[in-house]
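Examination of the molecular architecture
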Amino acid sequence: MLSVAEPVLGDDERAALAEVIDSGWITMGARVEAFEAAFASLHGMDHAVAVSSATAGLHLALVAAGIGPGDEVLVPSLTFVATVNAVLYVGARPVFVDIEDAGTPLMSIRDAARKVTDRTRAAILVHYAGYLADGPAWRAFADAHGLAIVEDAAHAAGAPGVGRIGEATVFSFYGNKNMTTAEGGMVVSQSEAVLERVRKLRAHGMTTGTFERHGGSVYGYDVTMLGFNYRMDELRAALGLVQLEKLEGWNDRRGLLTRAYRRKLRAVVPEISVPFAEIDVGAFHIMPVLVPRGVDKKKLAAEMRDCGVQTSVHYPPVHSFTFYGQLFPDVQLPVTEDFAARELTLPLHPRLDEGDVDTVVDALARCLAQQQEVADERI
Ligand SMILES: *Cc1c(COP(=O)(O)O)cnc(C)c1O
């Protein structure tokens, strides 16, 4: 079975974990600091703060930006639900914004401009599939309306230039992301003040940590704000350090496979359309394609599975979930809804090769043709 995503784990990760266990220190310490420094450096930043997940990081980024009850936050609906949940965690109201179009399924500035009110305080940009939102345009928009920007870069670890738009940018190391620590996340910012707040917020609002006190450099601590326990631990940081070294190579390979997909799809199934088809920089996190309208996607996915190819959907729009539908029943996002109805995510991870890409596209062509025949027979 060719799977949509797969973590690459092996002897290096096993050895790194064993080293932590033998060291006798497993909670947040020197390895977390080293991972933060290495991650920041790879992204051209001075500092980063490791957290227990991207969800936790998004929550803290909003707290650090002072977002709370009575505030509105612009969010895409074409994202993982965690992006929007974070807004509810701080008691603010998510305002769903449509995507630009099927070729650029990123949050639309034009629609955002229609939805800004005098209560809007922030926007969360999602670099969907690992392709970056338009930095200068969003910065100008945010400045014009006095908004904070948080980048949800869960798809974009290692993407050149990521993290330059927002007051804070949040990465995910969940098992299906471009690099993994099983669970984990990272917050980067160009503002040391934001990072300092996030650093305190992730550890109960305490002024010093167990590791510092253990080292004997400080004695006691104060609590200066309502914090959380969103720390990363040494085992995850050790995994992260190993994975980070491989990230650029893996992303190059994802780029190569993406270009192979684009060529092969155009040649074999031109009726399939490919978002971001001209974009050649990014983290190439997933391979989304759009099937023609009228295709029974559920059936297509089942047939693909029978051919040994797993597919997925990124994403069922957040506003279409029962929970969000009950909270915000009147949301209509025609471009997002049409995109999500047609979207199919094909396998993309560094363990695949160009032969696998051929296998996937050939299977897709066969299964689509089968559906077409069934449809023709009905007529
Ligand atoms: C995976 C993901 C998250 C959540 O990341 P976790 O580390 O699992 O909390 C948030 N936003 C997007 C777009 C994601 O893909």
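Residues numbered from 1 in each chain as written. Predicted model: local features only at pLDDT ≥ 70, side-chain atom pairs only at ≥ 80, totals over all residues. Heavy atoms only, no water.

**Some details on the overall build of the protein chain**
When helices and strands are tallied, the protein chain shows 13 helices and 9 strands. Radius of gyration (C-alpha) of the protein chain: 22 Å, near the 21 Å computed for a compact globule of 379 residues. Overall size of the protein chain, expressed as C-alpha extent along the three principal axes, is 80 × 55 × 35 Å. Looking at the protein chain as a whole, 52% of its 379 residues qualify as buried. Within the protein chain, contacts between residues separated by at least 24 positions form 71% of all contacts whose residues are at least 6 apart in sequence. When the accessible area of the protein chain is evaluated, it comes to approximately 16500 Å², of which 52% is carbon and sulfur surface. (Helix = DSSP H or I, 4+ residues; strand = E, 2+ residues; numbered from the N terminus. Rg over C-alpha atoms; globule rule 2.2 N^0.38 Å. Buried < 20%, exposed > 50% of the residue type's maximum accessible area, 1.4 Å probe, protein only. Contact = heavy atoms within 4.5 Å. Areas by Shrake-Rupley, 256 points an atom, 1.4 Å probe, with all protein chains shown as cover.)

**A closer look at the sheet that holds strand β6 (residues 168–172)**
Spatial strand order, β1-β7-β6-β5-β4-β2-β3: 7 strands in an open sheet with mixed pairing. Strand pairing shows two members of the sheet lacking a second neighbour, β1 (48–51) and β3 (93–97), which therefore form its edges. Between one strand and the next, the sheet's axes are offset by a mean angle of 25°, whatever the strand orientation. Where β6 and strand β7 (residues 185–188) come together, 4 bridges link them in antiparallel fashion. Residue S172 lies in a different strand from β7, and its bridge partner there is G185. Along the sheet face, helix α3 (residues 54–64) touches β1, β4 (120–126), β5 (148–152), β6 and β7 and points at about 170° away from the line of β6. (Pairing = 2+ DSSP bridges. Axes fitted to C-alpha atoms, helices over the stretch in contact; angles between N-to-C directions.)

**Here we look at helix α7 (residues 192–201)**
Every buried residue of α7 is listed here: V194, L195, V198 and L201. With its buried residues spanning 125° around the axis, α7 presents them on a single face. The inward-facing, buried residues of α7 abut β1, α3, β6 and β7. (Arc of directions from axis to C-beta.)

**Focus on the environment of A267**
Here A267 shows up in helix α9 (residues 234–268). The class of A267 is exposed, set by a relative accessible area of 63%. Put simply, A267 and M232 are 35 residues apart on the chain and 46 Å apart in space, counted from C-alpha to C-alpha.

**Regarding the site of the ligand**
Taken together, 15 residues lie near the ligand, and A54, T55, D152, S172 and K177 sit nearest. Between the ligand and D152, the relevant distance is 2.7 Å, taken from a nitrogen atom to a side-chain nitrogen or oxygen of the residue. For the ligand, an oxygen atom lies 3.3 Å from a polar atom in the side chain of K177. Broken down by secondary-structure element, the contributors of at least two residues to the shell around the ligand are α3 and α4 (81–89). Residue classes in the shell around the ligand are distributed as 6 nonpolar, 7 polar and 2 charged. (Near = heavy atom within 4 Å. Polar contact = N/O pair within 3.5 Å; in protein donor to acceptor, adjacent residues only side chain to side chain. Nonpolar A, V, L, I, M, F, W, Y, C, P; charged D, E, K, R; others polar.)

**Some remarks on unusual backbone geometry**
With an omega of 5°, the peptide bond between H314 and Y315 qualifies as cis. Following the sequence through the fold, Y315 ends up in the loop between α10 (297–306) and α11 (322–327). Of note, the phi angle at A182 is positive, near 75°, even though the residue is not glycine. Residue placement: A182 occurs in the loop between β6 and β7. Residue F284 is not a glycine yet carries a positive backbone phi of 45°. Here F284 lies in the loop between α9 and β8 (287–290).

**Let's talk about the environment of G175**
For G175, the position within the fold is in the loop between β6 and β7. C-alpha separation for the pair G175 and V8, spaced 167 residues apart in sequence, amounts to 9.3 Å. Not counting chain neighbours up to four residues away, the residues in contact with G175 comprise P7, T180 and A182.

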